[in-house]
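Structure at a glance
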Amino acid sequence: MDIAKESGYSERHLRRWFDGYLYKAPLWTIKRRAGIRMLVDGTWLDKEHCLIVYRDNASKSTVYYRFASAEKEYEIIKDLEAFKQLKISISSFTTDGAEDIIRAIKYAYPRTTRQRCIVHIELECLSWLTQHPKSSAGITLRRLVTKISYIKTHNDKLFWLKELMKWHEDNEEFIKQKTVNKETGEMTYTHDSVRRAYIHLHRAIPNMFKHLYQPDVPNNTNGLESFFGHLKDNLRIHRGLSLEHRNNFIKWYIFFANEKKKNGG
């Protein structure tokens, strides 16, 4: 066991020490902060359990977290209302586009800046369009999607929006085409994947470019995604933990990650 060799303690001593952590959880306190640029996202720990994290983008630290069965609107509203009561000032939210999270933010913080993660927008659209679209409409739309991360100025945005508008004018009838399903007799969209990609893109536009006018607003949730990735890597090392011990492991992981950031690590 590498840790035993490096620390000088026996494996038995280390297991007893680690078990002491797994049987209890750290005391979590929410500290009053001002002007937080908040990243909000959830990650699935298994098929039934989800971890929701609220992260301060500037300090790269977790403000709060919640274990849940899914990203539920009413639970997230409760979290956001609690932030208000604790006098935590939030200047903006950056999210991946999950509908329950967006609705909760609209309800609790209707006037606060909302920024969609441009990386998630690209990935979602590209998943519908695939790497090699078969139609010219799909090929052109895919090219427009891959330009999103290169939009750096107001003029870039206007030019890109003009291109997208032109695409829609040229392909409006194409994405409206329907075909009769021979088995069910139902009418379905003939080019459904291209249509879905466009609709996803169109709905995201109102909150895609807030970062261009407020440079401190993060335009992606990559920092949080990276945090989730490291957490899951550590969980895989400790496979076989009970649900209670796994949750306590996560609580300690988040606690120590915050302590490391607080101490400049």
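Details of the structure are given in the entry above.
The sections below set out a description of the structure shown in this document. A quick note: this is a predicted structure, and the numbers were derived from the prediction, not measured.

Analysis parameters
Residues numbered from 1 in each chain as written. Predicted model: local features only at pLDDT ≥ 70, side-chain atom pairs only at ≥ 80, totals over all residues. Heavy atoms only, no water. Pairing = 2+ DSSP bridges. Helix = DSSP H or I, 4+ residues; strand = E, 2+ residues; numbered from the N terminus. Axes fitted to C-alpha atoms, helices over the stretch in contact; angles between N-to-C directions. Contact = heavy atoms within 4.5 Å. Expected span 1.5 Å × (residues − 1). Buried < 20%, exposed > 50% of the residue type's maximum accessible area, 1.4 Å probe, protein only. Arc of directions from axis to C-beta. Parallel < 35°, antiparallel > 145°, perpendicular 65-115°, else oblique. Left-handed = near helix turned anticlockwise from the far one by under 90°. Nonpolar A, V, L, I, M, F, W, Y, C, P; charged D, E, K, R; others polar. Phe/Tyr/Trp six-rings, centres within 6.5 Å; stacked < 30°, edge-to-face > 60°. Lys NZ or Arg CZ within 6 Å of the ring centre and 35° of its normal. Salt bridge = Lys/Arg side-chain N within 4 Å of Asp/Glu carboxyl O. 1 Å grid on protein atoms, 1.4 Å probe; cavity = no way out; pocket = protein on both sides within 12 Å on 5 of 7 lines; lining within 4 Å. Points joined across faces, edges and corners; volume = space filled by probe spheres on them.

**Notes on the sheet that holds strand 5 (residues 113-116)**
Read from one edge of the open sheet, five strands run 3-2-1-4-5, paired in mixed fashion. Bordering the open sheet on either side are strand 3 (61-68) and strand 5, each of which pairs with just one other strand. Sheet twist, expressed as the mean angle between neighbouring strand axes with direction ignored, is 20°. Two elements, strand 4 (residues 90-95) and strand 5, share four bridges in a ladder whose sense is parallel. Of the residues in strand 5, the one forming a bridge with Thr-94 is Gln-115. In this fold helix 4 (residues 99-108) packs onto strand 1 (36-44), strand 4 and strand 5, with an angle of close to 165° to the strand it touches most, strand 4.

**Digging into helix 5 (residues 118-129)**
In this model, helix 5 (twelve residues) spans 16 Å end to end at C-alpha, consistent with the 16 Å of a helix rising 1.5 Å per residue. For helix 5, the complete set of buried residues consists of Ile-118, Ile-121, Glu-122, Cys-125 and Leu-129. For helix 5, the angular spread of the buried residues around the axis is 95°, confining them to a single face. Along its buried surface, helix 5 packs onto strand 5, helix 6 (136-145), helix 8 (192-204) and helix 9 (210-213). Backbone geometry just after helix 5 places Thr-130 at a positive phi near 65°.

**With respect to the packing of helix 5 against helix 8**
Two numbers describe how helix 5 lies on helix 8: the axes approach to 8 Å, and their chain directions differ by 165°. Judged by the angle between their axes, helix 5 and helix 8 are roughly antiparallel. Note that helix 5 runs across helix 8; the crossing there is left-handed. Where helix 5 approaches helix 8, its residues Ile-121, Glu-124, Cys-125, Trp-128 and Leu-129 are matched on the opposing element by Ser-193, Val-194, Arg-196, Ala-197, His-200, Leu-201 and Ala-204. Tallied by class, the residues present in the contact of helix 5 with helix 8 amount to eight nonpolar, two polar and two charged.

**Points about the packing of aromatic side chains**
Scanning the model with the defined rule gives 13 aromatic pairs in all. Ring geometry for Tyr-65 and Phe-67: centres 6.0 Å apart, planes at 80°, overall edge-to-face. Three or more aromatic residues joined by ring pairs form one cluster here, namely Tyr-54, Tyr-64, Tyr-65, Phe-67 and Phe-83. Above the ring of Tyr-189, the side-chain terminus of Arg-195 is found at 3.7 Å from the ring centroid.

**Examining the pattern of salt bridges**
Enumeration over the complete set of coordinates arrives at eleven salt bridges. Linking Glu-163 and Arg-143 is a salt bridge whose minimum nitrogen-to-oxygen distance equals 3.7 Å. Taken together, the residues Glu-163 in helix 7 (residues 154-176) and Arg-143 in helix 6 connect sequence positions 20 residues apart. We classify Arg-143 as partly exposed; its relative accessible area is 39%. Arg-236 serves as the salt-bridge partner of Asp-233, at 2.4 Å between the closest nitrogen and oxygen. One end of the pair, Asp-233, and the other, Arg-236, are both in helix 10 (residues 222-237), three residues apart, so they sit about a helical turn from each other.

**Thoughts on the layout of surface pockets**
Looking at the second largest pocket, its volume works out to about 450 Å³. Residue lining of the second largest pocket: 16 residues in total, with Gly-97, Glu-99, Arg-116, His-200 and Arg-203 positioned closest to the centre. Of all the secondary-structure elements, those providing two or more residues to the lining of the second largest pocket are helix 4, helix 5 and helix 8. Looking at the lining of the second largest pocket, the element that brings in the most residues is helix 8, giving six residues. Tallied by class, residues from the lining of the second largest pocket come to five nonpolar, three polar and eight charged.

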